[in-house]
Structures are given as C-alpha cells and as structure tokens.
Amino acid sequence: METQTLSKKSEEVFTETISGSEAIVRCLLEEGVDILYGYPGGAIMPVYDEMYKYQNTLHHVLTRHEQGAIHAAQGYARISGRVGVCIATSGPGATNLITGIADAQIDSTPLVCITGQVGSHLLGSDAFQETDIIGISTPVTKWNHQITKASEIPEVLAKAFFIANTGRPGPVLIDITKDAQFETFDFNYDKCTKVRSYKPVPDTDYETIEKAALLINQAKKPFLVWGQGVLLGEAETQLKEVVEKAGIPSAWTILGASAIPTDHPLNVGMVGMHGNYAPNKLTNECDVLIAVGMRFDDRVTGNLETYAKQAKIIHFEIDPAEIDKNVKTDVAVLGDAKKSLEKLLPLLEVKGYPEWVQQFKQLYAEEYEQVICRDLHPEKEGITMGEVLKEINTQTKGNAAIVSDVGQHQMIACRYANFNVTKSNITSGGLGTMGFALPAAIGAKMAAMDRDVIAIIGDGGYQMTIQELGTVFQQKLPVKIVVLNNEFLGMVRQWQQLFFDKRYASTEMTNPDFVTIAKGYHIAAKRVTERSELADSVKEMMEYQGAYFLEVCVKKEGNVFPMIPTGASVSDIRLK
C-alpha cells in the first residue's frame, strides 16, 4: 500500500491525501460493499489498479460482458436486499449497462453503477470511446451524475448509495472522468443521510389508514393484491398478519411472489396475463380491492376501462407518482408498507369470508382440471415445462431461489414453483429482459451461498448471455442451470399461433449442442429427452456439489394458459 499523507483540517476531522481512484474504492468499502461486478477498460483502468491493491477486502467479479455484470448486480441486490454494484469503462462499456439499468429502474432494484469517462478536457470532442452516458441514462436512472473533480467523489458516491436504497429503490449511475481518477485530494468520507428536496418516504396520514380499515371491515368480498413493495419494505410478516386477521383472499404480482408462502390457505395465486384463473376472474367481482406495494401494471390490469370498476380501491404505496397513475383510488395510503400495515392491523376486525373464499376454490378446480393437471401430469408424449418445475419442487421442497428470464418458462416457473422463503422469485418483470437469468443467478448465488439457486431459462434467452458460463466456472459457483429447450422463441411463437394464424416468422431456433458448450466451460452437464429420465436427472443436479447444467427437451409447441389476450378484460381470461 502506498504511504498516505495525513493532514488535520480541524481538531476532530483527519483527512488523507489520496487519488480519486483510491477514493472510489474507499467509498465502496465505507458503504459495506464486498462484491462488485464489472469489466475493465481504458477509462476506468485507474480504479481497477486501485482495486488490485484491495482485492483481499473487495471481491471484483470479472463477467464476460457488461450486461452480465449489471444483471449479476441485480440478482445480488434482489436476494440480499442490499445495493448491487457494477463498474464499466466509457463508451461501449457504459452503453452495455443500459439494458440492465432500465430493467432495474422499472423493477425498483437498488444499484450503483460506476462508469469511467474520457478526460474532462475531451468531453464533447467525440474522443475515442466517449459517449454521453449521462444523457443516455437519464430516462432510466433514479439519479445520475458526472464527476470531473476528485474532490466530488466522496459526497457524490455517498449520495448515490443513499438514493439508490431509500424510498422506492432504483439504479444510480455515476460517471467519472479519467483525470478525476488520477487527481489527488484530501479524502474524508461521511455517509449520506439526507438529500435536499428528496423525501424517500412520504409522511403517512393516519386518517387514510382509518378510512382503509373502515372500507375493509365493511367489505363483503374483499380482495388483496400485493407486489414487490412488500419485499422491498420487508413487510412480509405484517402482510401475513393483516391477511390472516381479516381473512382476505390474497394474490400476488410476479415480483411479489414469495412474500407469503405458496401453500398458505389465503394465497389464491398469481394475477396477470398468465396468472391464475380465480384471482384474475374475481378481480371484477370483489367489492374492495386492496393493493399493497404494486403499481397496477398493464399486465396485471388488462383493459383499464373494465378493471375492478365495481370495487372500492385502496392503494398502499411509497411512491406518490404511482397513485392514480393507472387506476383511480378511493383511499391512498402513502408511506412505508411495513409501518402502514402495522398501523392498519389493530384497526381490522377479525373476519372470515367462507363463501367468497369458496368461489376462488371453485375456479381453481376448473383451472386445475383444464390446465394445471395437464401441465403437471401429462398423459401424452413430450415433457412439459410444468413437469420440470414439479420435479424441482419435489427436490427442493420449495426452499430454492428461482431465477428466470422472460417468456413461457418464466410464466411456468412463476406459476408452479413453490416459494416457502421470501425473496425467492428473481425475474425480469417490467422490462422483460431476455438474457437476465444466467448472470442474475450468479449474483443471487454469491449473495446467498447457503441457498440453492436455480436458473430456469429458455433456449432463446440463454444464448443472449451464454458466455457468462465462463464467470460461473471462474468463480467456482455451484449454481444450477436448467434450460427448457423447445427450439422456439416460445412466447412469441404462442402469440403467432393464437393471433397470427400460425405464421411462425423468425421464431424457430436451430440450437447448438448446449451440453458440449457447458462441458467446454468445465461444468457438469446432461440432456434429458425422455420423461423417465427427468426425476433422476433433477435429483442428480441438486445433489451435485458444483455448478450443473441440465437441458430438458420439452414439447415444441406447448402453450402457457390461462391467458388474458392483450387489451382484454381480466374477466376474459382464457383457459385454452
């Protein structure tokens, strides 16, 4: 370690004269960062040089692509609840982060992204690998800032971590010019606890909680839908207490999965385009709809003109911008979900709605007969995706973290995986990013080494970030990778079948030998083509001590039902 120059600015505050690049590393350590993901390059090289000196305390993970770095940081953040950190160089390095940044923004994932930039004297000159990443990232970040002086680094990075992880979380990007990385200054670090004009958690008006309780207590057919806000706010216990005391049938959005265990008697399933039949159908029959930490996404609501028009709407939400954005509310409870639910609980009457709950059970029976039974217990040839998830449930007992991409396999994983542990469903929700799952599983596993982490991926999305097998190998991560191979871009093909007269335009895949590729990365691998092989193969994968790749060749033209056609009402959900 280089000798530092110490100076005393006052009786209390000591500073050290260090470079901007070392200051960046020191700031990360001050924020408790122990793992970050990235890819080096010229404009960020001074920081990498400093990280080399701190490699015993700060573990940098070299991914094979910057997109892999940011998705890994997302996976880390989603399962740990901590800020994920990634780092890249200027130009293409920075722009390769944009998909992940946009994904994190819409899914409220706390990230701090650090990018290198050309020297400040070259800004605006179209220098080699210069890109206006601040301008590019502005629409998809919670906050961004460009540093051109080393002295700015401590204050800006402290602010970045505070903004990323408070209120409704999100991604922050800090762009740092190369000369600021070399420049020396007197370093001192103070964590940020407040930013002028930024109020992460709005004040809760207790009167709105009283109004919400009154509506719930008077309801004949209450229905609760929770989203990821419950997980982000660590309000799982409070939600469960509210649901059980009031006896309310409750459903979840994709990102809300696992807040309440799958087998809870009042957990009636998933809402949304490929959600369960009962909670979608009965949305338009409830008299009070309680939304907790969800944003009424179009995939949940279907046609807004017909969504829950008969119901009084109560919305528990931390972000004022989400109130009345899509669905007009009768009572809006602003604030932290955990604290709001804690205040609501004593105001609720102990109730039960046996006839109302029975309606959910009856519709579930219809869905089971027409869809679920065929997915999980097929009689015809061809392995179904549902069978694979059923076998994974058997082997993991619902305690694994499931990381999925986007598409048919994602919907099947969300529908059929058992979630007994919170923060167990890690997927790309709002943006629907193909290529998310493999690198996100890397980050998730590194954040939770004591848990089984299983990536469920389609053959299309898998090939978008397949190079991250190299990261799995280099980091010696015992992540389990399952590719459900139907040799199609399955969800697009399903739409082409249903709405475009089976014109399968550019959706059929000619795939490589996935098993050979995995073995080329020194990862144990196996292909399953027959139903009789499935159970033993999944068992072998789960018992294997290291990384394992399992390819399951599933039905080529299997479809995911139920389904709400685009633009249709949730009442129009189809079972076939």
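Nothing here was measured: the structure is a model prediction, and the numbers come from that model.

## A short note on helix H17 (residues 408-416)
- When you tally the buried positions in H17, you get 9 out of 9 residues, the bulk of the element.
- Within the span of H17, buried status applies to Gln408, His409, Gln410, Met411, Ile412, Ala413, Cys414, Arg415 and Tyr416.

## Quick word on the environment of Ser424
- Along the chain, Ser424 turns up in the loop between H17 and strand E17 (425-427).
- Given a relative accessible area of 0%, Ser424 falls into the buried group.
- Each C-alpha atom, one on Ser424 and one on Arg78, is 9.0 Å from the other, the two residues being 346 residues apart in sequence.
- Residues contacting Ser424, with those up to four places away along its chain left out, are Ser258, Ala400, Ala401, Ile402, Phe419 and Arg451.
- One polar contact links the side chain of Ser424 to the main-chain carbonyl oxygen of Val421, over a distance of 2.5 Å.

## Section: the domain arrangement of the protein chain
- Entries for the protein chain in the domain assignment read domain 1 (6-187), domain 2 (206-359) and domain 3 (383-553).
- For domain 1 versus domain 3, the distance between C-alpha centres works out to 31 Å.
- On the side of domain 3, 29 residues touch domain 1, which itself brings 24 residues to the contact.
- For the pairing of domain 1 and domain 3, the buried interface totals around 2,000 Å² over both sides, and the portion due to carbon and sulfur atoms is 64%.

## What to know about the confidence of the model for the protein chain
- This prediction gives the protein chain a mean pLDDT of 96; 98% of its residues lie at or above 70.
- Per-residue pLDDT stays below 50 along residues 1-11; that stretch engages in 21 contacts with residues further than four places along the chain or on separate chains.

## Describing a positive patch on the surface
- A contiguous patch of positive charge, built from Arg374, Lys380, Lys555 and Lys576, is present on the exposed surface.
- Taking relative accessible area as the criterion, Lys576 reaches 68% and is therefore assigned exposed.

## A word on the sheet that holds strand E7 (residues 143-147)
- With parallel pairing, 6 strands are arranged side by side in an open sheet as E4-E3-E5-E6-E8-E7. The sheet terminates laterally at strand E4 (59-62) and E7, the two strands that pair on one side only. Each adjacent strand pair in this sheet contributes to an overall mean axis angle of 20°, direction not counted.
- Here E7 runs beside strand E8 (residues 171-177); their pairing, made up of 5 bridges, is parallel. Paired with His145 across the strands is Ile174, a residue of E8.
- Along the sheet, helix H3 (residues 66-80) contacts strand E3 (35-38), strand E5 (84-88) and strand E6 (111-117); its crossing angle with E5, the most-contacted strand, is approximately 170°.

Rules of the game
- Residues numbered from 1 in each chain as written.
- Predicted model: local features only at pLDDT ≥ 70, side-chain atom pairs only at ≥ 80, totals over all residues.
- Heavy atoms only, no water.
- Buried < 20%, exposed > 50% of the residue type's maximum accessible area, 1.4 Å probe, protein only.
- Helix = DSSP H or I, 4+ residues; strand = E, 2+ residues; numbered from the N terminus.
- Contact = heavy atoms within 4.5 Å.
- Polar contact = N/O pair within 3.5 Å; in protein donor to acceptor, adjacent residues only side chain to side chain.
- Domains from an automatic or database assignment.
- Buried area = accessible area lost by both parts, 1.4 Å probe.
- pLDDT = per-residue confidence, 0-100.
- Patch = residues over 30% accessible without salt bridge, like charges linked within 9 Å, V, L, I, M, F, W, Y side chains within 5 Å.
- Areas by Shrake-Rupley, 256 points an atom, 1.4 Å probe, with all protein chains shown as cover.
- Salt bridge = Lys/Arg side-chain N within 4 Å of Asp/Glu carboxyl O.
- Lys, Arg positive; Asp, Glu negative; His and termini not counted.
- Charge placed at Lys NZ, Arg CZ, Asp CG, Glu CD.
- Pairing = 2+ DSSP bridges.
- Axes fitted to C-alpha atoms, helices over the stretch in contact; angles between N-to-C directions.

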